[in-house]
Amino acid sequence: MPHRGARSLRETLRVPLGQPVDLTAYDTRATPGARNGKAAARADTARMGADLAGLQERLWAAGTAGDRRRVLLVLQGMDTSGKGGTVKHVIGQFNPSGCRIHSFKAPTEEERAHDFLWRVRRALPGPGAIGIFDRSHYEDVLIARVRHLVPPAEIGSRYGLIDDFERELAEDGVTLVKCFLHISYEEQRRRLLRRLDRPDKHWKFDPSDIDERALWPAYQEAYELALERCAAPHAPWYVIPADRKWYRNWAVGRLLLEHLRDLDPRYPAAGFDVAECRERLLKQP
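Computed from a predicted model, the values in this text were never measured in an experiment. (Residues numbered from 1 in each chain as written. Predicted model: local features only at pLDDT ≥ 70, side-chain atom pairs only at ≥ 80, totals over all residues. Heavy atoms only, no water.)

One open sheet accounts for five strands, arranged β2-β3-β1-β4-β5; its pairing is parallel. Only two strands of the sheet have a single partner each, and these edge strands are β2 (99–103) and β5 (237–241). Across the sheet, the mean angle separating the axes of adjacent strands is 20° when strand polarity is ignored. The pairing of strand β4 (residues 174–182) with β5 spans five bridges and is classified as parallel. The residue of β5 that forms the bridge with Lys178 is Trp237. (Pairing = 2+ DSSP bridges. Helix = DSSP H or I, 4+ residues; strand = E, 2+ residues; numbered from the N terminus. Axes fitted to C-alpha atoms, helices over the stretch in contact; angles between N-to-C directions.)

The following block contains the structure:
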């Protein structure tokens, strides 16, 4: 765990605002903030569970009393970077009733009939909830850019639309936690090979993964632009070194914990006479 006086993990992993982003400058095997190594981080991840669950319950309870605040965790990254694993190991500690997990795939015919943010708005968490996007609205400036699915001018305009959208969310009480799970080219190869070598993982593999991997440089450039152009004080980006799964899980859990502690949600006061209700209950046979 961080020692007294240590920088928060948000400060450590936050992408600097207003500066070009060079992903080659970020070590995908680094473990910033995890000073005591793998075993200590795993133990800390396990201990976080109770704190995260307690804060989530308080946030959910506050939402039932009119508190509009909620949290949106955005997970982006190349194939095999661990978006699903993060959901399993970190979000799995929450009460499902207060979580909403949404995975964005290729848009449906209905979704293509609307602007690209239409389907995203429909998937947002309600007051008191924690939403998790496994991929997100950023796909529309990532794969859409790399695969030339829309004209370049439209891609350019989408950065501004995303900025406006996220500002609107923040003003409406949404705490955005945007995580880029950063893996290396070689680590992705190892993970894809493991999927091919294990029959129980074949369902997670698609031959198109190899085609997408061939576009690695274009994807890295697209991510760099998104991280640079769509980072703001109310919606920063965090680069999570993701070659080490234990670190990825610890870092995302720690980021969520720091944000929830800052929100400091409180259980709502009773809207009834507690003493009178207790007395009535005790009088019943």
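Past the structure itself, the notes keep going.
The next point concerns the packing of helix α2 (residues 37–64) against helix α11 (residues 245–263). The geometry of α2 relative to α11 is characterised by a closest axis approach of 9 Å and an angle of 35° between their N-to-C directions. Crossing hand, α2 versus α11: left-handed. For the pair formed by α2 and α11, the contact residues are Gly37, Lys38, Ala41, Arg42, Asp44, Thr45, Met48, Asp51, Leu52, Leu55 and Leu59 on the first element and Trp246, Trp250, Gly253, Arg254, Leu256, Leu257, Leu260 and Arg261 on the second. Per-class residue counts for the contact of α2 with α11 are ten nonpolar, three polar and six charged. (Left-handed = near helix turned anticlockwise from the far one by under 90°. Contact = heavy atoms within 4.5 Å. Nonpolar A, V, L, I, M, F, W, Y, C, P; charged D, E, K, R; others polar.)

In this section: the packing of helix α7 (residues 152–171) against helix α10 (residues 216–229). Where α7 contacts α10, the two axes come as close as 10 Å, and the packing angle between them is 40°. Regarding the angle of α7 to α10, the classification is oblique. In this structure, α7 meets α10 at a crossing whose hand is right-handed. Note on element contacts: α10 touches α7 through Leu225, Ala226 and Arg229, opposite Gly156, Tyr159 and Asp163. (Parallel < 35°, antiparallel > 145°, perpendicular 65-115°, else oblique.)

The next thing to look at is the side chain of Gln56. Within the secondary structure, Gln56 is located in helix α2. Classification of Gln56 by relative accessible area gives buried; the value is 3%. The residues touching Gln56, leaving out its near neighbours within four places in the chain, are Phe94, Asn95, Gly98, Cys99 and Ile130. (Buried < 20%, exposed > 50% of the residue type's maximum accessible area, 1.4 Å probe, protein only.)

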